[in-house]
Structure formats: C-alpha cells, structure tokens
Amino acid sequence: MKTADQLPRVAVFASGGGSNFQALVDAAEDGSLPAEIVLCLSDRPGAGVIDRANAAGVASVVVRPKDFGTESEYVDKLSAVLDTYRVEFVALAGYLKKIPSDIVRRYRHRMINIHPALLPSFGGRGMYGRRVHEAVLEHGARWTGATVHLVDEEYDTGPILLQEPVPVHEGDTPEDLAARVLKVEHRLYPRALGLLVQGRLRLEGRIVRILPPTG
Ligand code: GRF
C-alpha cells in the first residue's frame with residue numbers, strides 16, 4: 001500500500017457543481033482510486049465544486065482567463081499553480097474553458113475529460129450540460145452514455161478511454177437523462193483515472209489499449 005506522499009498527484013478542473021470531483025475524491029478516500037486529489041482548479045469563484053473541495057480538505061484555486069491580458073500570461077499562471085501543487089495528472093470534470101495548447105502539451109496523455117454522451121456523437125464546441133441531453137432527445141437517439149477520453153487540442157476529440165451506454169426512455173426530459181448519465185459518470189470516471197495513473201493505457205494511433213494489472 002502506498003502512502004499518500006507516494007500516490008500520483010491529480011488536479012481536478014471544474015466549473016460547476018462538482019459531483020464528478022466528489023466521486024473522484026470519494027474513490028481516492030476509500031482507496032479504490034490509487035491517487036491523491038491535491039487540487040481543485042476552477043474558473044468560477046462561486047462554483048459549487050469549491051465548497052466540495054473545502055469540505056473535503058482539498059486545496060482550491062480560482063484562475064479566470066479574463067483576468068489575463070494575454071494567453072501566455074494565463075498559461076504562465078496555470079503552469080505556476082500546477083507546479084506549486086506538483087500536479088502529475090489532470091482530470092477535467094465539467095470544466096467549461098478551453099485548455100490552452102501549451103497546457104495540453106505539457107499534460108499530453110496525462111489529462112482526461114468526461115463527456116455526458118457517447119462520443120464522437122453529441123460532442124464538440126458548445127456541447128455541454130443540458131444542451132447535450134437536449135440534442136440527444138431531439139435526435140431521437142435510443143442510447144446515450146458517458147465517455148472518458150484523453151484531452152487533445154480540440155473539444156471532445158481525443159482518444160477514447162472508457163465508455164458506457166445509458167438507455168433513453170420514452171418521455172425523458174433532459175434532466176432525466178442528465179441524472180441517469182451522471183450516475184454512470186460517477187462510476188466510470190474514478191475507474192478511468194485509476195487506469196491512467198497506474199500506467200495501464202497504451203496508445204496505438206488513436207486506439208487506447210487497456211493493459212492488465214501488474215503485480
Ligand atoms: C458532467 O455531466 C460531465 O460529463 C460534464 O459536465 C458535467 C459536470 O457535472 N463534462 P458535475 O459538475 O461533475 O456535477
């Protein structure tokens with residue numbers, strides 16, 4: 001068993017309520033996720049996720065892109081925060097700002113995102129929150145789901161790590177769907193982050209192979 005100071009150090013970036021942040025913190029706490037959540041980074045001072053971080057004893061930092069005159073000043077600030085907390089992996093959990101390419105490069109294959117649909121459907125710029133579930137319903141899709149993927153320079157296009165389908169029921173509202181998908185997300189995200197921090201992923205082109213556990 002690794003002590004806390006040997007565990008991989010993870011930052012969670014979030015803009016909203018933070019139920020996925022909570023799922024990651026809970027899994028780290030109960031030992032099912034072999035990682036330490038060392039930082040919650042948000043772009044919104046009033047985000048619910050900050051209250052969750054405080055309650056969990058996780059440091060939180062707010063960095064608002066609009067407070068910086070240039071992209072490079074913004075990147076420098078993000079980098080400095082990530083250095084301060086010695087962050088090795090990043091999990092995006094409802095983070096609504098685009099990650100600057102310099103940060104994507106720095107954390108290439110060490111940064112993941114969770115999306116509340118089965119990518120590559122119903123993803124991309126502007127496809128977040130309620131809009132995703134509305135689009136699924138408007139399209140008449142029978143299935144939706146959750147996807148965890150590695151982050152690249154675009155929205156929702158990185159190699160897929162894990163996915164789980166969720167049925168769409170007759171008469172569902174976007175809220176019904178969001179709640180059904182979120183339940184799955186809370187199970188899927190800690191599992192995906194666990195695979196990443198344990199080095200159990202091998203990339204072949206854009207295909208992610210999952211390696212068996214070692215030891
Ligand atoms: C989740 O549905 C996630 O897939 C998406 O944003 C939502 C965040 O919810 N990227 P929460 O803040 O974790 O509750």
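All chains use their own residue numbering, which begins from 1 and follows the written sequence. A pLDDT threshold of at least 70 governs which residues receive local features in this predicted model, and a stricter bar of 80 or more applies before side-chain atom pairs are shown or counted, although totals over entire chains, interfaces and linings include all residues. No hydrogens and no water enter the side-chain calculation; it runs on all heavy atoms of the structure.

K.L.:
What's the story with the overall build of the protein chain in this structure? I'm lost.
P.N.:
Along the protein chain, the regular secondary structure elements total 6 helices and 9 strands. As defined in this context, the radius of gyration uses C-alpha atoms, and a globule is described by 2.2 Å times the residue total to the power 0.38. Taken over the C-alpha trace, the protein chain has a radius of gyration of 17 Å; the compact-globule value for 215 residues is 17 Å, and the two agree within 12%. By principal-axis analysis of the C-alpha atoms, the protein chain measures approximately 50 × 50 × 40 Å. Burial statistics for the protein chain: of 215 residues in total, 47% are counted as buried. Nonlocal contacts in the protein chain, meaning residues at least 24 apart in sequence, comprise 65% of its contacts between residues at least 6 apart. When the accessible surface of the protein chain is totalled, it reaches about 10800 Å², and 50% of it is carbon and sulfur. Of note, the protein chain has its 26 positive side-chain charges centred 3 Å away from the centre of its 27 negative side-chain charges. Put simply, DSSP marks the helices as runs of H or I at least four residues long and the strands as runs of E at least two long, and each gets a number from the N terminus on. Relative accessibility under 20% of the residue-type maximum defines a buried residue, over 50% an exposed one, and the middle range a partly exposed one, all with a 1.4 Å probe and only protein chains included. Pairs of residues are marked as contacts when any of their non-hydrogen atoms sit within 4.5 Å. Accessibility throughout is a Shrake-Rupley quantity obtained with a 1.4 Å probe, and a residue counts as covered only by protein chains that appear here. The charged-residue count follows a simple rule in which Lys and Arg add positive charge and Asp and Glu add negative charge, with His and chain termini not counted at all. Every charge is mapped to an atom, namely NZ of Lys, CZ of Arg, CG of Asp or CD of Glu.

K.L.:
I'm lost on the site of the ligand in this one. Help?
P.N.:
Close to the ligand lie Gly-17, Gly-18, Ser-19, Asn-20, Gly-94, Ile-114, His-115, Pro-116, Leu-182 and Glu-185. A distance of 3.5 Å separates an oxygen atom of the ligand from a polar backbone atom of Gly-17. In the analysis that follows, any N or O atom pair within 3.5 Å is treated as a polar contact, provided that within protein one partner can donate a hydrogen and the other can accept it, and provided that, for residues neighboring in sequence, both atoms belong to side chains. Between the ligand and Glu-185, the relevant distance is 2.6 Å, taken from an oxygen atom to a side-chain nitrogen or oxygen of the residue. Across the complex, the protein chains shield 80% of the 370 Å² of accessible surface that the ligand would expose by itself. Those elements that place two or more of their residues in the shell around the ligand are helix H1 (19-29), strand S5 (111-115) and helix H6 (174-197). We call a residue near a given molecule or strand whenever any one of its heavy atoms falls within 4 Å of it.

K.L.:
Help me understand the nonpolar core in this model?
P.N.:
Within soluble globular proteins, side chains that are nonpolar generally end up buried alongside one another. Of all hydrophobic cores here, the largest spans 37 residues; its most connected members are Val-10, Phe-21, Ile-37, Ile-112, Leu-161 and Leu-193. Sort the elements by how many residues they give to this core and H6 lands first, with 9 residues. Of all hydrophobic cores here, the second largest spans 22 residues; its members include Ala-11, Phe-13, Val-75 and Val-104. Here, the term nonpolar core denotes a set of buried Ala, Val, Leu, Ile, Met, Phe, Trp, Tyr and Cys residues that are joined through side-chain atoms within 4.5 Å.

K.L.:
In this structure, what is going on with the pairing of strand S2 (residues 36-42)? I would like to understand it.
P.N.:
Note on strand geometry: in a regular strand, side chains alternate between the two faces of the sheet. The buried fraction of S2 amounts to 6 of the 7 residues, a majority that puts the element mostly inside the structure. Taken together, the 5 bridges between strand S1 (residues 9-13) and S2 define a ladder with parallel strand orientation. Bridge assignment links Val-10 to a residue of S2, and that residue is Ile-37. Here a strand pair is declared whenever DSSP counts at least two bridges between the two strands. Sheet topology places S2 next to strand S3 (residues 59-62); 4 bridges connect them, and they run parallel. Across the sheet, the residue bridging to Leu-41 is Val-61, located in S3. Note on the crossover from S2 through helix H2 (residues 48-56) to S3: the handedness is right-handed. Whether a crossover is right-handed depends on one test, that the path from the first strand over the helix to the second runs clockwise when the strands point away from the viewer.

K.L.:
When you look at the packing of H1 against H6 in this model, what are you seeing that I'm missing?
P.N.:
Angle between the axes and distance between the axes: these two values describe a pair of packed helices. Fitted lines through C-alpha atoms give the axes, limited to the stretch in contact for helices. The angle between two N-to-C directions lies from 0 to 180 degrees. Where H1 meets H6, the axes come as close as 9 Å, and the angle between the chain directions of the two elements is 50°. It follows that H1 is oblique to H6 by the angle criterion. When the axes of H1 and H6 are compared, the crossing they make is right-handed. Contact with H1, carried on its side by Ser-19, Asn-20, Ala-23, Leu-24 and Ala-27, involves Leu-182, Glu-185, His-186, Tyr-189, Pro-190 and Leu-193 of H6 and no other residues of that element. With respect to orientation, any angle under 35 degrees is reported as roughly parallel, any angle over 145 as roughly antiparallel, any angle of 65 to 115 as roughly perpendicular, and every other angle as oblique. For a crossing to be left-handed, the near helix must be turned anticlockwise from the far one by less than a right angle; the clockwise case is right-handed.

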